[in-house]
Amino acid sequence: MQNQMLRPILPMLAVALSLTIPSVAFAHAFLRSAEPAVGATVKTAPQNLTLNFTERLEAEFCRVEVTDAQGARVDQGRVQGDPSDGKRLIVPLKPLKPGVYTVIWHAVSVDTHKTEGRFRFTVAQ
Ligand SMILES: [Cu+2]
């Protein structure tokens, strides 16, 4: 008797489980905002690049490259996690001249999923 009562519940459980899987898979770290902002033109050369993500990160496994228009690296030192915000990376920069800069980021979220992306910002004359 108990088995017969359980039977209708099992398909419902399967549906419920399948619905939860996409939400887990989507818990990747995507770029929420940046400073300088994606595509922005700034008047003052920033000393750091700040990247804000949608999920908490394993900062020691994240990599960020910042290059000038000639392809030379302008990031310096290690990418730093923000102790007060697990979703934030801070990238120290060399002194930037006016020009277009490309940021390529590789993020690893706390669920070990990897994401990556790139964008540009400009330091005005
Ligand atoms: Cu994920």
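Whatever comes next refers back to the structure up there.
Being a predicted model, the structure only gives us computed values, none of them experimental. (Residues numbered from 1 in each chain as written. Predicted model: local features only at pLDDT ≥ 70, side-chain atom pairs only at ≥ 80, totals over all residues. Heavy atoms only, no water.)

Asks: Looking at this structure, I do not really get the coordination of the copper ion. What am I missing?
Replies: Metal coordination angles in their ideal form are 109.5 degrees for the four-donor tetrahedron and 90 or 180 degrees for the six-donor octahedron. Taken together, the protein donors to the copper ion comprise His28 (ND1), Asp111 (OD) and His113 (ND1), at separations of 2.0 to 2.5 Å. Of note, the copper ion draws all its donor residues from one chain, in the sequence arrangement H-x82-D-x1-H. (Donors = N, O, S within 2.8 Å, 3.2 Å for Na, K, Ca; no water.)

Asks: Even after reading the chapter, I still don't get the pattern of salt bridges, so can you show me in this structure?
Replies: Side-chain pairs of opposite charge can arise where the charged atoms are in close proximity. Under the criterion given, the structure shown has 4 salt bridges. The salt bridge involving Asp75 is made with Arg73; its shortest N-O contact spans 2.8 Å. Its salt-bridge partner being Arg88, residue Asp82 comes within 3.4 Å of it at the nearest N-O pair. Within the structure, one salt-bridge network assembled from shared partners comprises Asp82, Asp85 and Arg88. (Salt bridge = Lys/Arg side-chain N within 4 Å of Asp/Glu carboxyl O.)

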